[in-house]
Amino acid sequence: MAVRLQATQVPGGISGNLSPSNRNPNAVIRFGRGSSKRNRLVSLSASLREGDGRGKESSVRAVEVKKILEDSPLLPKPLSSNQLAETVSNGSRVRVAYQGVRGAYSESAAEKAYPNCEAVPCEEFDTAFEAVERWLVDRAVLPIENSLGGSIHRNYDLLLRHNLHIVGEVKLAVRHCLLANHGVKLEDLRRVLSHPQALAQCENTLTRLGLVREAVDDTAGAAKQIAFEDLSDAAAVASAKAAEIYGLNIVAEDIQDDTDNVTRFLMLAREPIIPGTNRLFKTSIVFSLEEGPGVLFKALAVFALRQINLTKIESRPLRKNPLRASGGLKYFDYLFYVDFEASMADEVAQNALRHLEEFATFLRVLGSYPVDTTML
Ligand SMILES: O=C(O)C(=O)C[C@]1(C(=O)O)C=C[C@@H](O)C=C1
């Protein structure tokens, strides 16, 4: 099959437009557009090679860091065609796309959701969706909400734009550390780099330390940058695992604003699972409604009337048609995402959705899947 062949040709870290010249052992999956981040890393390693003018010691350290990063067995290496063929033919190792680089929380979530999987790094959330759709990987595991920072809106929008199904959820306790190069002390720090969600989850600590926030694509990417650029005035908010991978020192631990910091991730696949009734299930739907008083109340009542518990409600602008004219006025138009505790195999859930369909202008079931009941 052509798509399988393509995957065979681009093992491990799939990069760029999948042309051979772009293959890179440490690459992440990236489709279309330019590869600005990769260029930055390439020029960074070039400047490390040439030294940065901060003396011999600094350039020796830079070369060491680069060597650690290149040689580390923990970093993704390209698979050989044989290895990938094995994976595909016996189907024993699921390939799971996540956003970020090695050491990101999303990687841990992918490994928790699919133990023994091959976690495949992707540069963007969109790329992870596309990688599943193009059969480059089997599943994607992406963050959807955090107990302190709230919803990851981008993934709500992408759930609708793509045609993947939610087949499960996984909750991960997120414990942030402040990571810096060896020898750098807390009082040397001026800046902090991380994913915006991670920065938001550590708002109090970062304000207390008076650090200037700089947003990057993921927490582990921030750690990698600190190490690659051998920065001495900046730290990363990232995991202890990222500290180990990129050879950084943990300057402070558990810096999130609350000890109970949990991120919920969705497991996505090309095919839905068959919903059961043998355990606790959750169903995620998205719908839109007519304009008018009490319409949302009526929509939510279809669940209340049947004693179905709602666990999440989120509204997002209806991007294709963001404004609606009614009675000479213009209203914002919304999509409502709702998670409720029932399986689509339950008659009561089917009845609730049939009832909702009577007045919803649009309705889609995103997935019906087992609830992650693990205690964190
Ligand atoms: O940057 C990472 O390490 C991620 O996996 C992303 C992400 C997120 O998008 O919320 C995941 C978990 C944490 O909440 C912080 C960041």
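See the structure above.
Residues numbered from 1 in each chain as written. Predicted model: local features only at pLDDT ≥ 70, side-chain atom pairs only at ≥ 80, totals over all residues. Heavy atoms only, no water.

**Student:** Run through the site of the ligand, naming residues and quoting values.
**Tutor:** The full set close to the ligand counts 13 residues, and Tyr105, Ser106, Gln201, Thr219 and Thr263 are the nearest of them. Separating an oxygen atom of the ligand from a side-chain N or O atom of Gln201 is a distance of 3.0 Å. About the coverage of the ligand: the protein hides 100% of its 360 Å² of free accessible area. Assessed atom by atom at 2 Å from the grid points, the ligand resides in the largest cavity. When contributions to the shell around the ligand are tallied by element, the ones reaching two or more residues are helix H5 (105–113), strand S3 (139–146), helix H8 (196–201) and strand S11 (262–269). Here the residues of the shell around the ligand are counted per class, giving five nonpolar, seven polar and one charged. (Near = heavy atom within 4 Å. Polar contact = N/O pair within 3.5 Å; in protein donor to acceptor, adjacent residues only side chain to side chain. Areas by Shrake-Rupley, 256 points an atom, 1.4 Å probe, with all protein chains shown as cover. 1 Å grid on protein atoms, 1.4 Å probe; cavity = no way out; pocket = protein on both sides within 12 Å on 5 of 7 lines; lining within 4 Å. Sits in = over half its atoms within 2 Å of the grid points. Helix = DSSP H or I, 4+ residues; strand = E, 2+ residues; numbered from the N terminus. Nonpolar A, V, L, I, M, F, W, Y, C, P; charged D, E, K, R; others polar.)

**Student:** Explain the pattern of salt bridges to me, using residue names and the numbers behind them.
**Tutor:** Summed over all chains, the structure comprises 17 salt bridges. The shortest N-O distance in the salt bridge between Glu118 and Arg95 comes to 3.0 Å. Of this pair, Glu118 sits in strand S2 (residues 118–122) while Arg95 sits in strand S1 (residues 95–99); the two residues are 23 residues apart in sequence, bridging distant segments of the chain. Arg95 matches Glu118 in its accessibility class, with the two residues each being buried. (Salt bridge = Lys/Arg side-chain N within 4 Å of Asp/Glu carboxyl O. Buried < 20%, exposed > 50% of the residue type's maximum accessible area, 1.4 Å probe, protein only.)

**Student:** Describe the sheet that holds strand S16 (residues 334–340), with residues and values.
**Tutor:** Within the open sheet, the four strands sit side by side as S13-S16-S12-S17. Their pairing is antiparallel. Looking along the sheet, the strands with just one partner apiece sit at the ends: strand S13 (310–317) and strand S17 (360–370). Averaged over all adjacent pairs, the angle separating strand axes in this sheet is 15°, with direction ignored. Examined bridge by bridge, strand S12 (residues 281–289) and S17 share nine bridges and lie antiparallel to one another. By the bridge assignment for S17, Phe281 is matched with Pro370. Strands S12, S13 and S16 of the sheet are contacted by helix H12 (residues 295–304), whose axis makes an angle of about 155° with S12. (Pairing = 2+ DSSP bridges. Axes fitted to C-alpha atoms, helices over the stretch in contact; angles between N-to-C directions. Contact = heavy atoms within 4.5 Å.)

**Student:** An account of the side chain of His162 is needed here, citing residue identities and associated values.
**Tutor:** For His162, the position within the fold is in the loop between helix H7 (153–161) and strand S5 (165–173). A relative accessible area of 11% places His162 in the buried class. Within the structure, His162 has its side chain in polar contact with the side chain of Glu133 (distance 3.0 Å). Other than its neighbours up to four places away in sequence, His162 contacts Asp126, Phe129, Glu130, Glu133 and Arg364.

**Student:** How would you sum up unusual backbone geometry? Please name residues and give values.
**Tutor:** Despite not being glycine, Trp135 has its phi angle at roughly 65°, a positive value. Within the secondary structure layout, Trp135 lies in the loop between helix H6 (125–133) and S3. Its relative accessible area of 34% is what places Trp135 among the partly exposed residues. Of note in the backbone geometry, Asp230 takes a positive phi value of approximately 50° without being a glycine.

**Student:** With reference to specific residues and values, describe empty space enclosed by the protein.
**Tutor:** This structure, assessed with the given rule, holds four cavities of 30 Å³ or more. Within this model, the largest cavity holds a volume of roughly 230 Å³. Every residue lining the largest cavity is counted, 18 residues in all, and those nearest its centre are Tyr105, Ser106, Pro143, His195 and Gln197. Taken together, the elements giving at least two residues each to the lining of the largest cavity come down to H5, S3, H8 and S11. The leading source of residues in the lining of the largest cavity is H8, at three residues. Among the residues forming the lining of the largest cavity, the class breakdown is eight nonpolar, nine polar and one charged. Looking at which domains feed residues into the lining of the largest cavity, each of domain 1 (73–173 + 261–271) and domain 2 (177–255) gives three or more. What the second largest cavity holds in volume is close to 50 Å³. Looking at the second largest cavity, the residues that line it are Ile144, Tyr156, Leu159, Ile166, Arg264, Leu266, Ser284, Ile285, Tyr337, Asp339, Leu366 and Tyr369. (Points joined across faces, edges and corners; volume = space filled by probe spheres on them. Domains from an automatic or database assignment.)

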